[in-house]
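# Coordinate inspection notes
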Amino acid sequence: MRRIENHPVLGPDSSEDVGITVDGREVTAKAGDSVAVALWADGQKVLRRSKTGQPRGMYCGIGHCFECRLLVTGDDGAKVSVRSCLTPVQQDMRITTESGE
Ligand code: FES
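Here the structure is a predicted model, which means the values were calculated and not measured. (Residues numbered from 1 in each chain as written. Predicted model: local features only at pLDDT ≥ 70, side-chain atom pairs only at ≥ 80, totals over all residues. Heavy atoms only, no water.)

### Examining the overall build of the protein chain
Our working definition: The helix count covers DSSP runs of H or I at least four residues long, the strand count covers runs of E at least two residues long, and both are numbered beginning at the N terminus. Per-residue accessibility, obtained with a 1.4 Å probe over protein chains only, is compared with the maximum for each type, and a residue is labelled buried under 20%, exposed over 50%, and partly exposed between these values. Only the protein chains shown count as covering a residue, and every accessible area follows the Shrake-Rupley method with a 1.4 Å probe.
Along its length, the protein chain carries one helix and nine strands. The principal-axis extent of the C-alpha atoms belonging to the protein chain is close to 45 × 30 × 20 Å. The buried share among the 101 residues of the protein chain stands at 34%. Carbon and sulfur atoms form 49% of the exposed surface of the protein chain, whose accessible area is close to 6500 Å².

### Focus on the pattern of salt bridges
Put simply, the test is: A carboxyl oxygen of Asp or Glu within 4 Å of a side-chain nitrogen of Lys or Arg is what we treat as a salt bridge.
Scanning the model with the defined rule gives four salt bridges in all. Between Asp 17 and Lys 30 there is a salt bridge, with its nearest N and O atoms 3.0 Å apart. Linking Asp 17 in strand β3 (residues 17-22) with Lys 30 in strand β4 (residues 25-30), this pair joins segments that are 13 residues apart in sequence. Lys 30 gets classed as buried once you look at its relative accessible area, which sits at 14%. Among the ionic pairs, Arg 56 bridges to Glu 67, the shortest N-O distance being 3.2 Å. Of the two residues, Arg 56 is situated in strand β6 (residues 55-56) and Glu 67 in the loop between β6 and β7 (69-73); the sequence distance between them amounts to eleven residues. Linked by salt bridges that have partners in common, Arg 48, Arg 56 and Glu 67 make up one network.

### Quick word on the nonpolar core
Where a protein is soluble and globular, its nonpolar side chains tend to be buried together. The line we're drawing: As used in this record, nonpolar core signifies buried Ala, Val, Leu, Ile, Met, Phe, Trp, Tyr and Cys residues forming a set joined through side-chain atoms within 4.5 Å. Contacts were defined at the residue level, with two residues in contact if any of their heavy atoms lie within 4.5 Å.
Ranked by internal contacts, the top residues of the largest apolar core, which has 18 residues, are Ile 20, Val 35, Leu 70, Val 89 and Ile 95. Those elements that provide at least two residues to this core are β3, β4, α1 (35-41) and β7. Per element, the largest residue contribution to this core is four residues, and it comes from α1. Setting aside chain neighbours within four positions, we find Val 35 in contact with Leu 70, Ser 84, Thr 87, Pro 88, Val 89, Met 93 and Ile 95.

### What to know about the sheet that holds strand β9 (residues 94-97)
Just so we agree on the cut-off: A pair of strands is considered paired only if DSSP assigns at least 2 bridges between the two. Angles run from 0 to 180 degrees between N-to-C directions of axes, and those axes are lines fitted to C-alpha atoms, restricted for helices to the stretch in contact.
If you walk across this open sheet you meet the five strands as β4-β3-β9-β7-β8, and the pairing is mixed. Both edges of this open sheet fall to β4 and β8 (79-83), since each of them pairs with a single strand only. On average, each strand axis in the sheet is inclined to that of its neighbour by 40 degrees, with strand direction left out of account. Sheet topology note: the β3/β4 ladder contains six bridges and is antiparallel. Residue pairing in the sheet places Gly 19 in a bridge with Thr 28 of β4.

Any link to function would need more than the numbers given here.
Set out below in structure tokens:
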């Protein structure tokens, strides 16, 4: 995980670790991060593919462009498309990157 751990103004990062799964791969995130930020910190910048296979990722970071969509599996097993820049990570969250379908 690549991130600033001790900022000169904000001080040391004291947020808790959160375990999530992305396409079956376990990733450690920080509580309070959005899914997009957690994946960015983990080195994954491609969050989905367009219909023509072009890579897409976090673009605006404020919920306007919808380029950061991915799927989150709920407790009932249903997958819901979310904007990862607006969605906070949660412990045991299961995420699937989209493939353009
Ligand atoms: S990056 Fe634009 S909506 Fe998420």
